[in-house]
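Structural description and commentary
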Amino acid sequence: MTIKRIGVLTSGGDAPGMNAAIRSVVRCAIHYKLEVMGIFRGYAGLINEELKLLDHRSVSNIINRGGTILKTARSEEFMTEQGQRNAVEIIRKNEIDGLIVIGGDGTYRGGIALSKKWGIPCIGVPGTIDNDLNGTDATIGSDTAVNTALDAIDKIRDTATSMERIFVVEVMGRDSGFIALQVALAGGVEDALIPERNFDFNNLCQDIVEGNLRGKVSWIIVTAEGKARGEDIAKKISEMTTLETRVVVLGHIQRGGSPTAQDRILASRLGAEAVELLIKGYSAKALGVISDEVNIVDLEYAVAKKEFKQDRLYQLIKLLL
Ligand code: F6P
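Our subject in this report is the structure included herewith.

When helices and strands are counted, the chain shows 11 helices and 11 strands. Radius of gyration (C-alpha) of the chain: 22 Å, near the 20 Å computed for a compact globule of 321 residues. Evaluated residue by residue, the chain yields a buried proportion of 53% over its 321 residues. Contacts in the chain between residues at least 24 apart in sequence constitute 76% of all its contacts with a sequence separation of at least 6. Treating the 39 positive side-chain charges of the chain as one cloud and the 42 negative ones as another, the clouds have centres 4 Å apart.

Right, dumping it as structure tokens:
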């Protein structure tokens, strides 16, 4: 089938760099003389026919902006058979020949349904701060999120050291300890709790008590939200060590801000690749970059449980204390 018009959407949690990916998709498609339909509010907006043709200038001055000009949403309706049927009807009615879906695992699952069940060619571009997809070293937004969280941790260190306190910092990551591990190593924190690893709480408290006896007075402990809430960890530490604690929940701050150069470059590379894959007739594939080379995997593989290979990072955090 010759592709004449493609659709592009962002779905799930927004990630810095999504705009750079949209820009790349639109400009690359126009280069190949394709039309691009922007689909607003992810799969929810697709069902509601929230569509607009995008031109070269629709994506001017967005490469440096966080969030997504297409807006994003999590759609329960699209999970249903009827929701998908409605979405497919809108795609056919608007003569969209292929879709580029930018997002994380939920977005990719939508792409799997549309391509495998309904025959709509779909290509996934990895956009999530969690960096939890297979087939890519990094996802768009993850580098920016790590740098945002790290900046906060550096600031927390100033007050933690000055007031000689224990801080527990909760970062994002429901099923992924990526941000927690990265900032723990880069920020020189004392410990990190992540969903992928068992954690011995008594050990941590013992370390704190022993350190305290030696004169160590401030700690920063990072926890990924999916492993344990900062509030609970801080309470337990206070109870077991009788030392004072403070909690900082970084929350959605980690999702915003201007994307780093790395995220903009990744987004610019993969947006254009996605257009070229659709033109070449690919479907149900996800893009990524591994060792600086573009990598193509099945959408199904991209969303399969990611093997945890970061144990060495955790060991380093402890070794470098
Ligand atoms: O998937 C990205 C993410 O930011 C996760 O790290 C976090 O658990 C989740 O989204 C939060 O989702 P919401 O913005 O819907 O609260």
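With that settled, the discussion passes to the packing of aromatic side chains. Evaluated as defined, the whole model comprises one aromatic pair. Pairing Tyr43 with Phe78 gives two aromatic rings, centres 4.2 Å apart and planes at 10°, and the pair type is stacked. Of this pair, Tyr43 sits in helix H2 (residues 42-47) while Phe78 sits in the loop between strand E3 (51-54) and helix H3 (81-93), placing them 35 residues apart in sequence. For the pair formed by Tyr43 and Phe78, the shared burial category is buried. In this structure, Arg197 is placed above the aromatic ring of Tyr314, and the distance from its NZ or CZ to the ring centre is 3.8 Å.

The local shell around the ligand consists of Arg74, Ile129, Asp130, Met172, Gly173, Arg174, Glu225, His252 and Arg255. Contact distances for the ligand include 3.3 Å between an oxygen atom and a backbone N or O atom of Gly173. Take His252: an N or O atom from its side chain is 2.9 Å from an oxygen atom of the ligand. Computed on the free molecule, the ligand has an accessible area of 400 Å², of which 77% lies beneath the protein chains in the complex.

Right, let's get into the side chain of Glu170. With respect to the element layout, Glu170 can be found in strand E6 (residues 166-171). Residue class for Glu170 comes out buried when judged on its relative accessible area of 4%. Beyond its immediate sequence surroundings of up to four residues, Glu170 is in contact with Thr223, Glu225, Arg229, Gly230, Val248, Val249, Leu250 and Gly251.

Grouped burial of nonpolar side chains is what soluble globular proteins tend to show. Residues Ile6, Ile100, Val171, Ile179 and Val183 are the most contacted members of the largest nonpolar core, which totals 63 residues. Among the domains, domain 1 (5-141 + 259-302) and domain 2 (143-256) are the pair contributing at least three residues each to this core. Excluding residues that lie within four positions of it along the chain, Ile179 makes contacts with Ile129, Ala145, Val146, Ala149, Val171, Met172 and Gln254.

Now for the pairing of strand E8 (residues 219-224). Extensive coverage of E8 is indicated by the burial of six of its six residues. Here E8 shows a buried face lined by Trp219, Ile221 and Thr223 and a second buried face lined by Ile220, Val222 and Ala224. Of the strand pairs in this sheet, E6 and E8 are connected by six bridges, and their pairing is parallel. Bridging across to E8, Val171 finds its partner in Ala224. Relative to E8, strand E7 (residues 191-193) runs parallel, the two sharing three bridges. Among the inter-strand pairings, Ala192 is bridged to a residue of E8, identified as Val222. In this view, the connection linking E7 to its parallel neighbour E8 by way of helix H7 (residues 201-214) has right-handed handedness.

Turning to the sheet that holds E6, a few remarks are in order. Pairing is parallel in the open sheet, where four strands are placed in the order E7-E8-E6-E9. Taken across any chain shown, the strands that pair with only one partner, and hence form the sheet edges, are E7 and strand E9 (245-249). The mean inter-strand angle of the sheet, taken between neighbouring strand axes irrespective of direction, is 20°. On the sheet, helix H5 (residues 142-163) packs against E6, E8 and E9 and is oriented at approximately 165° with respect to E6. Against the sheet, H7 makes contact with E6, E7 and E8, and its axis sits at roughly 170° relative to E8, the strand it touches most.

Turning to the pairing of strand E5 (residues 122-126), a few remarks are in order. With respect to burial, E5 is a largely interior element, five of its five residues being buried. Neither face of E5 is open: one carries Cys122, Gly124 and Pro126, the other Ile123 and Val125, and all of them are buried. Where strand E4 (residues 98-103) meets E5, five bridges bridge the pair, whose relative direction is parallel. Residue pairing across strands places Ile102 opposite Val125, the latter belonging to E5. Running through helix H4 (residues 105-117), the crossover from E4 to the neighbouring parallel element E5 is right-handed.

Basis of the calculations
- Residues numbered from 1 in each chain as written.
- Predicted model: local features only at pLDDT ≥ 70, side-chain atom pairs only at ≥ 80, totals over all residues.
- Heavy atoms only, no water.
- Helix = DSSP H or I, 4+ residues; strand = E, 2+ residues; numbered from the N terminus.
- Rg over C-alpha atoms; globule rule 2.2 N^0.38 Å.
- Buried < 20%, exposed > 50% of the residue type's maximum accessible area, 1.4 Å probe, protein only.
- Contact = heavy atoms within 4.5 Å.
- Lys, Arg positive; Asp, Glu negative; His and termini not counted.
- Charge placed at Lys NZ, Arg CZ, Asp CG, Glu CD.
- Phe/Tyr/Trp six-rings, centres within 6.5 Å; stacked < 30°, edge-to-face > 60°.
- Lys NZ or Arg CZ within 6 Å of the ring centre and 35° of its normal.
- Near = heavy atom within 4 Å.
- Polar contact = N/O pair within 3.5 Å; in protein donor to acceptor, adjacent residues only side chain to side chain.
- Areas by Shrake-Rupley, 256 points an atom, 1.4 Å probe, with all protein chains shown as cover.
- Core = buried A, V, L, I, M, F, W, Y, C linked by side-chain atoms within 4.5 Å.
- Domains from an automatic or database assignment.
- Pairing = 2+ DSSP bridges.
- Right-handed = clockwise from strand over helix to strand, strands pointing away.
- Axes fitted to C-alpha atoms, helices over the stretch in contact; angles between N-to-C directions.

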